[in-house]
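Fold and geometry: a report
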Amino acid sequence: MRQWHRGVIVFALVALLVGMGVHYGAVEDDRWPYPDEDDLASQPAEHVGDEVFLFGTVTAIDTDAGTATIRVEADSGSFSLSVQSFDRSVKPGGIVQILGELTTERTLDAERVVVVNSSSGAEWYKYGVSVLGAVLVLLAFFRYWRIDWDTWTFEVRRDG
Amino acid sequence: MADLLSTVLVTYAAFTIASWWVDGLDQRWVVVAMGGAAIPDLVKIEILVDADVIENAIGLPFDYSPVASVAGVTVVAGIIALCFGEQWRRTAYAVLAAAGGFSLVIDGLRVYADGFANFYLYPLWVRPPTPGLFVSSDPAVLVVAIVVSGVTFGIDRWKQ
């Protein structure tokens with residue numbers, strides 16, 4: 001295979017990947033069984049009484065009252081929702097998934113709350129450890145493989 | 001998704017165990033599998049370049065999610081396999097795609113508040129049920145991954 005053949009195929013595959021991203025972006029809203037964040041941001045009244053499934057960042061929490069306020073990101077910017085029946089312990093900055101019913105335009109009665117990150121620290125933990133994972137992959141890979149600069153390919157290390 | 005370090009360690013264990021029975025699957029391919037398992041994590045490019053930036057640039061809807069799907073792994077594994085020397089490409093593709101798929105399955109075990117994972121089977125619009133074993137920032141996942149990969153490493157050494 002000539003070098004430029006490889007280039008053309010890689011370019012075509014990247015184009016295919018972008019095409020899938022466009023297709024997914026165009027179709028996902030219709031496939032996702034719940035109202036999406038943008039609809040809730042712009043036309044919440046139409047969804048009162050609907051079941052919703054949202055990811056949000058906790059901005060305030062009252063454990064005794066079982067309520068919390070979450071911020072949800074939408075394309076047009078973020079909006080806040082107050083959540084009732086919030087039965088988990090999370091610090092502000094933590095990220096939660098909430099399944100529940102939209103009872104008013106900006107109130108949600110939670111049926112199930114899942115804590116994804118219990119504080120913003122948990123998020124940093126995840127990214128820190130993931131960077132370690134990436135470093136481990138690179139170290140392990142280049143222990144057995146090397147870059148052949150003449151052909152611009154990975155080749156097995158003879159000494160590895 | 002689980003943190004990348006856990007994903008990579010569990011993939012190391014799975015492919016090392018498989019190498020005890022599969023001829024030709026040796027250490028140099030196990031490290032390629034560890035890289036393949038990281039393919040779905042490329043979806044995190046989102047942190048660097050938001051999908052909105054791409055939408056504005058191309059004037060079409062766009063979503064990174066297909067990268068962490070069956071379709072995305074199939075294509076990205078092809079791009080990476082082309083970076084290998086010609087004699088390694090087929091094997092590299094098989095190992096990368098298998099490991100990427102393995103990583104999707106592991107990721108599909110994490111918690112979703114409504115009990116169904118995301119559309120990782122794209123191009124199929126199916127949300128497979130998830131047992132909800134972990135959340136992405138759970139340190140217990142890393143502990144399990146370290147123990148499993150450590151024991152596998154030990155047995156692998158002992159077998160040689």
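Since we're looking at a predicted model, the values are computed, not measured.

Considering the interface of chain B and chain A
The interface is formed by 50 residues belonging to chain B together with 52 residues belonging to chain A. Buried area between chain B and chain A, summed over both chains or domains, comes out near 4700 Å², and the portion from carbon and sulfur atoms is 72%. Along the contact surface separating chain B from chain A lie zero salt bridges. Of all the secondary-structure elements, those providing two or more residues to the side of chain B that touches chain A are helix H1 (4–19), helix H2 (27–36), helix H4 (51–58), helix H5 (70–81) and helix H7 (139–159) of chain B. Counting residues per element, the side of chain B that touches chain A draws most heavily on H2 of chain B, which supplies seven residues. When its residues are assigned to classes, the side of chain B that touches chain A shows 32 nonpolar, nine polar and nine charged.

Re the side chain of Arg6 of chain A
Relative to the elements of secondary structure, Arg6 of chain A occurs in helix H1 (residues 3–31). Here Arg6 of chain A is buried and forms no salt bridge, its nearest opposite-charge partner Glu86 of chain B lying at an N-O distance of 7.9 Å. In this structure, Arg6 of chain A is in contact with Met1, Thr151, Trp152 and Thr153 of chain A together with Leu82, Cys83 and Arg89 of chain B, ignoring residues within four places of it in sequence.

Describing a nonpolar patch on the surface
Among the surface-exposed residues, Leu42, Ile45, Leu48, Val49 and Val53 of chain B lie close enough to one another that they form a single nonpolar patch of about 440 Å² accessible area. Here Ile45 of chain B lies in helix H3 (residues 45–48).

Some words on the pairing of strand S5 (residues 107–117) of chain A
Residue and element names in this part refer to chain A. The buried count for S5 comes to eight of eleven residues, which makes it a mostly enclosed element. The pairing of strand S3 (residues 77–84) with S5 spans three bridges and is classified as parallel. Considered in S5, the bridge of Val83 is made with Leu108. Sheet topology places strand S4 (residues 95–104) next to S5; nine bridges connect them, and they run antiparallel. Opposite Glu101, over in S5, you have Asp109 as the bridge partner. From the end of S4 to the start of S5, which pair antiparallel, there are two residues.

Quick notes on the packing of aromatic side chains
If you walk through the whole model with that rule in mind, you get 24 aromatic pairs over all chains. These aromatic residues form a ring-pair network of at least three members: Tyr24, Trp32, Tyr34, Phe53 and Phe55 of chain A together with Phe119, Tyr122 and Trp125 of chain B. Between Lys126 of chain A and the ring centre of Tyr127 of chain A, over which it is positioned, the NZ or CZ distance is 5.7 Å.

Some thoughts on the packing of H1 of chain B against H2 of chain B
To describe two helices that pack against each other, one gives the angle between their axes and the distance between the axes. Residue and element names in this part refer to chain B. Running from N to C, H1 and H2 cross one another at 145 degrees; their axes reach a closest spacing of 9 Å. The crossing of H1 and H2 is right-handed. Contacts between H1 and H2 involve Val8, Thr11, Tyr12, Phe15 and Thr16 on the former and, on the latter, Val30, Ala33 and Met34. Per-class residue counts for the contact of H1 with H2 are six nonpolar, two polar and no charged.

As for the confidence of the model for chain A
Mean pLDDT for chain A: 92, with 99% of residues reaching 70 or above. Mean pLDDT values over the elements of chain A span from 90, in helix H2 (residues 37–42) of chain A, up to 96, in strand S6 (residues 145–148) of chain A.

So, the sheet that holds S5 of chain A
Residue and element names in this part refer to chain A. Taken in spatial order, the five strands line up as S1-S2-S3-S5-S4 and close into a barrel, and their pairing is mixed. Each neighbouring strand pair of the sheet contributes to a mean axis angle of 45 degrees, computed without reference to strand direction. Here strand S1 (residues 51–62) runs beside strand S2 (residues 67–74); their pairing, made up of five bridges, is antiparallel. Note that in S2 the partner of Val58 across the bridge is Ile70.

Conventions we followed
- Residues numbered from 1 in each chain as written.
- Chains lettered and ligands numbered in written order.
- Predicted model: local features only at pLDDT ≥ 70, side-chain atom pairs only at ≥ 80, totals over all residues.
- Heavy atoms only, no water.
- Contact = heavy atoms within 4.5 Å.
- Buried area = accessible area lost by both parts, 1.4 Å probe.
- Salt bridge = Lys/Arg side-chain N within 4 Å of Asp/Glu carboxyl O.
- Helix = DSSP H or I, 4+ residues; strand = E, 2+ residues; numbered from the N terminus.
- Nonpolar A, V, L, I, M, F, W, Y, C, P; charged D, E, K, R; others polar.
- Buried < 20%, exposed > 50% of the residue type's maximum accessible area, 1.4 Å probe, protein only.
- Lys, Arg positive; Asp, Glu negative; His and termini not counted.
- Patch = residues over 30% accessible without salt bridge, like charges linked within 9 Å, V, L, I, M, F, W, Y side chains within 5 Å.
- Areas by Shrake-Rupley, 256 points an atom, 1.4 Å probe, with all protein chains shown as cover.
- Pairing = 2+ DSSP bridges.
- Phe/Tyr/Trp six-rings, centres within 6.5 Å; stacked < 30°, edge-to-face > 60°.
- Lys NZ or Arg CZ within 6 Å of the ring centre and 35° of its normal.
- Axes fitted to C-alpha atoms, helices over the stretch in contact; angles between N-to-C directions.
- Left-handed = near helix turned anticlockwise from the far one by under 90°.
- pLDDT = per-residue confidence, 0-100.

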